[in-house]
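A closer look at the structure
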Amino acid sequence: MSRFPAGELTPRQIVAELDKFIVGQRAAKRVVAIALRNRVRRRLLPLPLRDEVSPKNILMIGPTGVGKTEIARRLARLARAPFVKVEATKYTEVGYVGRDVESMVRDLVETAIRMVRDEKAEGMREAVEEVVYNRIMDLRDAPPAGVRKHQRIEEGKPVVEYELPVLASGETEATHPAYRWWRRREALKQPLAEGRLDDEEVDVVVKQRGSSPFDMLTMPMGPGGPPDGGMEHLQGLFEKLAPKKDKKMRLRIGEARRVLFEEEVEGLLDAEKIKIEAVERAQQDGIIFIDEFDKIAGGRGGEARGPDVSREGVQRDILPIVEGSTVFTKHGMVSTDHVLFIAAGAFHVSKPSDLIPELQGRFPLRVELEPLTAEDFARILTEPDNALTRQYTALLATESVELVWEADGIQEIARIAAEVNASTENIGARRLHTLLEKILEEVSFEAPDMGTGRIVVNAAFVRQALGEILKDQDLSRYIL
């Protein structure tokens, strides 16, 4: 019998989920699927051994636009894992070498805190929305004298009750102000829930953080700034100490619902528990994607001269983070021992062996992603759940314009994308964004004035839209 928790995906299922959004690249999908499954396997190991098993970091090699970032991002969503993407070239800028490399870990923790907070808030959404409903209705139609409002917390969720006065002799619910008020509220409950009152305005008193000395103080983030996140720590400290101020604002009900929901949730959530859980999730489940990794390679043989920071120096600064170290953040110390690092780069000029040996050893899994062909482009346009053709169809449907994509039109777009990528810079699937915008430029511009309409995108339509550009090779280099 399997010891795996219910809902945990097998590698085959992970690949199938990734296939819904990313065409091809099966080798890369298999590698990340195994890495994700190994995390679950590790959690089932006895404690002493569990600490010894570290993630096998991955190096993705391939040209831009073939799906490297998307594979990592979709993987993180599947695992509900904190995810950040950083550019390795950022750390080659003057003033950023050294300490600031640790900012990727701080960003990961902040992402984890937002994730945990959003999950907690979603768990109490129904109860909190009931409270918000009552607050908005009280602002719109204040309770009359004699009505008592009781609000309490049950099992961590708010409960609001109204106590109507007892009818005196001779009074009826039809004539008593409190009961008439209650009927008005009940009649508006459905319209409010359906958003039909969202354009009405109410006066809302919201709590805002007061200013702190750090709001007006700018400190350098490079050499000379406070060490190891000190600025971040001090700013967080002052934010906690800064007094909250009440501010009256006139808002549409649709906006007021969001503002009051956040305010109510903030009062119910335990910030300390969220921080503890988020730090643990960042340490155990976090994924850091380092793009442009090839741009910091090649330092020893072909070190660039000039104002850029040493590429090898940046590699040596990244090394301890990837090896496993403890980073200071304003939420406490965070270990990177079990964070999964996925690095990616084209490696056209340099190659992975140009990295320093210590860093090479920290990315034992290497996978090469294949350049996209015309057939891949055709599949990208039609197969994924978020295919570009579906996106444009939905966008223009809002203007009552129906887009119909013919098979020969899809094939022609794919052929042109592959041809332009081959003759100019190969930017992978991103070329499709450029082509579709140009093909549908006239339709998108005229759509509001067309009323209802039906546009058939076939091979002739595509050639007509791109004909002049494709004839002029110099022009196509600028436009496509």
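Sequence positions are assigned chain by chain, starting from 1 and proceeding in written order. Totals for whole chains, interfaces and linings use all residues, but because this is a predicted model, local features are given only for residues with pLDDT of at least 70 and pairs of side-chain atoms are given and counted only at 80 or more. Computation of side-chain values covers all heavy atoms of the structure but excludes hydrogens and water.

Moving on, we come to the confidence of the model for the protein chain. Taken over all residues, the pLDDT of the protein chain has a mean of 81, while the share at 70 or more is 84%. pLDDT is defined as a per-residue confidence score from the predictor, taking values between 0 and 100. Should any heavy atoms of two residues lie within 4.5 Å, those residues are considered in contact. Confidence drops under a pLDDT of 50 for residues 214-228, and excluding neighbours within four residues, the segment shows 24 contacts in the predicted structure. Predicted confidence for residues 299-308 stays below pLDDT 50, and this span has 17 contacts to residues more than four positions away or in other chains.

Another aspect to go through is the pattern of salt bridges. Side chains carrying opposite charge are able to pair once their charged atoms draw close together. The salt bridge criterion pairs a side-chain nitrogen of Lys or Arg with a carboxyl oxygen of Asp or Glu, the two atoms within 4 Å. Applying the stated rule across the entire model yields 41 salt bridges. With a shortest N-O distance of 2.7 Å, Arg-185 and Asp-138 are connected by a salt bridge. Placement of the pair is Arg-185 in helix H7 (residues 177-193) and Asp-138 in helix H6 (residues 125-140), with a sequence separation of 47 residues. Under the scheme applied here, a residue whose accessible area is under 20% of the maximum for its type counts as buried, over 50% as exposed, and between as partly exposed, the area being computed with a 1.4 Å probe on protein chains only. Residue class for Asp-138 comes out buried when judged on its relative accessible area of 16%. Look at the salt bridges and you will find they share partners, linking Glu-119, Lys-120, Glu-277 and Arg-281 into a network. Secondary structure follows DSSP: runs of H or I at least 4 residues long count as helices, runs of E at least 2 residues long count as strands, and numbering of each begins at the N terminus.

Take the number of residues in a helix, subtract one, and multiply by 1.5 Å to get its expected span. Under the 1.5 Å per step criterion, the end-to-end length of helix H4 (residues 68-79) is 17 Å for 12 residues, consistent within 8% with the ideal 16 Å. Every buried residue belonging to H4 is among Lys-68, Thr-69, Ile-71, Ala-72, Arg-74, Leu-75 and Ala-76, and all of these are buried. In this fold, the buried residues of H4 make contact with helix H1 (11-19), helix H2 (26-43), strand S1 (58-61), strand S2 (83-87), strand S7 (287-291) and strand S10 (340-345). One or two residues past the end of H4 sits Arg-80, with phi positive at roughly 50°.

Lines fitted to C-alpha atoms define the axes, with helix axes restricted to the stretch in contact, and inter-axis angles between N-to-C directions lie between 0 and 180 degrees. Following both chains from N to C, one finds helix H14 (residues 374-382) and helix H15 (residues 388-397) inclined at 40°, their axes separated by 5 Å at the closest point. It follows from the interaxial angle that H14 and H15 lie oblique. Of the residues in H15, those touching H14 at Ile-380, Leu-381 and Thr-382 are Leu-388, Thr-389 and Arg-390. Only Asp, Glu, Lys and Arg are considered charged in this grouping, and only Ala, Val, Leu, Ile, Met, Phe, Trp, Tyr, Cys and Pro are considered nonpolar; every other residue, Gly among them, is considered polar. Looking at the contact of H14 with H15 residue by residue, the class counts come to three nonpolar, two polar and one charged. In these notes the angle categories are as follows: under 35 degrees is roughly parallel, over 145 is roughly antiparallel, 65 to 115 is roughly perpendicular, and the rest is oblique.

This part is about the sheet that holds S7. When DSSP finds at least two bridges between two strands, those strands are taken to pair. Strand order in this open sheet of five strands is S2-S7-S10-S1-S11, and the pairing throughout is parallel. Of all the strands in the sheet, just S2 and strand S11 (365-368) have a single pairing partner and so form its edges. Pairwise comparison of adjacent strand axes, ignoring direction, gives a mean angle of 20° for this sheet. In this structure, S1 lies alongside S10, joined through four bridges in parallel fashion. Bridging across to S10, Leu-59 finds its partner in Ala-343.

With that settled, consider unusual backbone geometry. Located in the positive-phi region is Gln-25, a residue other than glycine, with phi close to 55°. Residue position: Gln-25 is located in the loop between H1 and H2. Even without glycine at this site, Glu-292 takes up a positive phi of about 55°. With respect to the helices, strands and loops of the structure, Glu-292 is situated in the loop between S7 and helix H11 (299-302). Of the residues examined, Glu-292 reaches a relative accessible area of 25% and is grouped as partly exposed.

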